[in-house]
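So you can see what is in the structure, the chains are spelled out below.
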Amino acid sequence: MPSFKPTKSNQINRLCVIQSLLKSCSKGLLTEAVKSLDDLATKGLRLDTRSLAFLLQECARFRSIREGRWVHVHMSYTGRKRPGTFLENQLIRMYSECGDCVGARKVFDKMSVRNLYSWNNMISGYAKLRMMKPARSLFDRMDEKDVVSWNTMVIGYAQNGNFHEALKLFRDLRLSNIGLNEFSFSGVLTVCTKTNDSRLTRQVHCQVFGFGFSSNVVLCSSIIDCYSKCGEMDDAWKVFDEMPQRDILAWTTIVSGYAKCGDMKSAQVLFDEMPEKNPVSWTSLIAGYTRHGFSHNALELFRSMITHGVKPNQFTFSSVLCACAAIASIKNGKQIHAFLLRMRFTPNTIVVSSLVDMYSKSGNLELGNRVFKLSSETHRDVILWNTMISAMAQHGHGKAAIELFSNMVQSKVKPDRITFVIILNACSHSGLVQEGRHFFNMTMGKHGVVPDREHYACLIDLLGRSGHFDEMLNELKKMPFDPDARIWKALLGVCRMHGNLELGREAAERFIEMEPRSSVGYVLLAGIYAVSERWECVRKVRKIMNERGVRKEHGVSWLENENKIHSFTVSDKTHVSRDEIESVLEVLATQMEDDNDDDDES
């Protein structure tokens, strides 16, 4: 082993190397910095504790496990097999941040002296990796716990979906003499958000107030978010209105809350009042407009965002591409795609999926397929594969969808429950009954997907469309659960298609019972009566709809002209361009009649 005696010459050389190393780190050249450690060892030099800690922190920050292990080996090679509690804690943190819990635990187990930070560090590493069982084992072994220990466990359980244990530990923390800090509420607020429990949210809100944290901007923003997700916008507004100080997070949260609830008028007013906006603020409003069917507003807002010089993020592009898909605006979609390329923006899977979806729904499946094929292998996760398979299915290419599924499996991407919903629908709409049966009976189980109600709804549609009524009824009886609205809706659609009045009436009654405000059940039932020419029954159904205040949603058409998108419904008498639209439609109708006449003559 080389000698590491601190001579004056060594001291000067070590300082020069350290300066060079720190300079490389500041430029983002972490690998080069770590490689320079070999030169140090060759020259009989070693880094001081502070510099080693800095290197390990950089490895943790960039999740660079290879470089982190390199530093660890260097420490052992230069006489630091027992580096001391401080550096060992840094090693635990580095391994944990890089996702290597085994490496972190080895360091922890070999420590001769552990402090509270060591225990908290190891528990935090397990919790971040969703390994709550070993985290709890260590937590229960701790002789001394502080508020960080408790907070880590509560947050860990909440983020992993074990809400009962998270709330239990939070209650235990409150009953202890340790005391709470502002981070103590993070876990329980996560539970509120994920469960949409307004009662629990109010209880936590009262506790935040009682412990004197009501002026904490981050906590108040989290409470606003919880109320918003519970649909309690009046309570969310009260919290926001009473905040002594508001930052951009608080403003964005309240705007996002109104946007998610569909109150776009309030969301827009608050957005306009914001003293400062960031990409998240813009995206929240754009996503709200897209989600609630105001695609043209979303596109206008996106243009305004670009005009103001605000750089869109992945979620912005995904939302605005969904807006283009909703109104089949390929022109706008292509412009956004071109903008992505000009920015040299590196899209994630969601953006690539949105591009594929936009092109396919705008009628250009070929371009969507090209985007899919040009995407890198790393982007092709289950979401992107599902999008491409769905695009094929929507265009009636059932066999191509099945072929894509096979390619997906060969690429070692595991199908999920949504994959099988898509593939069963593809078989149904392409008349591939045998293939659909095979996917339902064999392939799903092979990939560990248990059929749920949505899969059964697809199977009923598949068998019903192809006229296999006996088999369809048999599958209904064999279901391991009671039918839900989706299953009754699928059965109702099949009965309408084949004019099965008796079964259709029962399915309609069950569906309407479950979703009395939806017009779908009434409309399909009226259609079944119409096929059987029972017009009196049709009138009765419509009368019931009127009495219950149920209205059929009007279909909306979009017309793009001179970079403006116009929307109008059937029998729309208010549109400013009504005369021109009707004139164009008359020309198209005449052309279609001429084409039909030519086909008849031939």
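Worth saying up front: this structure is predicted, and the values here are computed from it rather than measured.

**Looking at the overall build of the protein chain**
- Along its length, the protein chain carries 33 helices and 2 strands.
- Relative to its 602 residues, the protein chain shows a buried fraction of 46%.
- If you sum the accessible surface of the protein chain, you get close to 32,300 Å²; carbon and sulfur atoms cover 50% of it.

**Considerations on the UniProt feature "repeat: PPR" (unreviewed entry) in the protein chain**
- Those places that UniProt annotates as "repeat: PPR" (unreviewed entry) correspond, in this numbering, to residues 115–145, 146–180, 216–250, 278–312, 381–415 and 416–451.
- Secondary structure content for residues 115–145 is 74% helix and 0% strand, while the C-alpha to C-alpha distance between its ends is 11 Å.
- Within the segment residues 216–250, helix and strand shares are 71% and 0% respectively, and the terminal C-alpha atoms sit 11 Å apart.

**Describing a positive patch on the surface**
- Taken together, the side chains of Arg 505, Arg 534, Lys 540 and Lys 543 define a basic patch exposed on the protein surface.
- Mapped onto the elements of the fold, Lys 543 is located in helix H32 (residues 535–548).
- Classification of Lys 543 by relative accessible area gives exposed; the value is 53%.

**A short note on the pattern of salt bridges**
- Applying the stated criterion across every chain, the model contains 25 salt bridges.
- Taking the shortest distance from any N to any O, the salt bridge between Asp 357 and Lys 361 comes out at 3.4 Å. Taken together, the residues Asp 357 and Lys 361, both in helix H21 (residues 349–361) and 4 residues apart, mark about one turn of the helix.
- Residue Asp 357 is classed as buried on the basis of its relative accessible area, which comes to 16%.
- With relative accessibility at 40%, the residue Lys 361 sits in the partly exposed group.
- Here Arg 486 makes a salt bridge to Glu 454, at a shortest N to O gap of 3.6 Å. Placement of Arg 486 in helix H29 (residues 485–498) and of Glu 454 in helix H27 (residues 453–465) is noted, with a sequence separation of 32 residues between them.

**A short note on the layout of surface pockets**
- When its volume is computed, the largest pocket comes out at roughly 340 Å³.
- Taken together, 16 residues line the largest pocket, and the ones lying closest to its centre are His 337, Leu 341, Leu 355, Val 371 and Leu 374.
- Listed by contribution, the elements that provide at least two residues to the lining of the largest pocket are helix H20 (330–342), H21 and helix H22 (365–374).
- A per-element tally of the lining of the largest pocket places H22 first, with 4 residues.
- Here the residues of the lining of the largest pocket sort into 10 nonpolar, 4 polar and 2 charged.

**So, helix H10 (residues 163–175)**
- With 13 residues, H10 ought to run about 18 Å at 1.5 Å a step, and its terminal C-alpha atoms sit 19 Å apart, in line with that.
- Taken as a whole, H10 has its buried residues at Glu 165, Ala 166, Leu 167, Leu 169, Phe 170 and Leu 173.
- If you follow the buried residues of H10, they end up packed against helix H8 (132–141), helix H9 (147–159), helix H11 (186–195) and helix H12 (198–210).

What counts, and at which threshold
- Residues numbered from 1 in each chain as written.
- Predicted model: local features only at pLDDT ≥ 70, side-chain atom pairs only at ≥ 80, totals over all residues.
- Heavy atoms only, no water.
- Helix = DSSP H or I, 4+ residues; strand = E, 2+ residues; numbered from the N terminus.
- Buried < 20%, exposed > 50% of the residue type's maximum accessible area, 1.4 Å probe, protein only.
- Areas by Shrake-Rupley, 256 points an atom, 1.4 Å probe, with all protein chains shown as cover.
- UniProt positions renumbered as here; feature names shortened; annotations may be inferred.
- Patch = residues over 30% accessible without salt bridge, like charges linked within 9 Å, V, L, I, M, F, W, Y side chains within 5 Å.
- Salt bridge = Lys/Arg side-chain N within 4 Å of Asp/Glu carboxyl O.
- Lys, Arg positive; Asp, Glu negative; His and termini not counted.
- Charge placed at Lys NZ, Arg CZ, Asp CG, Glu CD.
- 1 Å grid on protein atoms, 1.4 Å probe; cavity = no way out; pocket = protein on both sides within 12 Å on 5 of 7 lines; lining within 4 Å.
- Points joined across faces, edges and corners; volume = space filled by probe spheres on them.
- Nonpolar A, V, L, I, M, F, W, Y, C, P; charged D, E, K, R; others polar.
- Expected span 1.5 Å × (residues − 1).
- Contact = heavy atoms within 4.5 Å.

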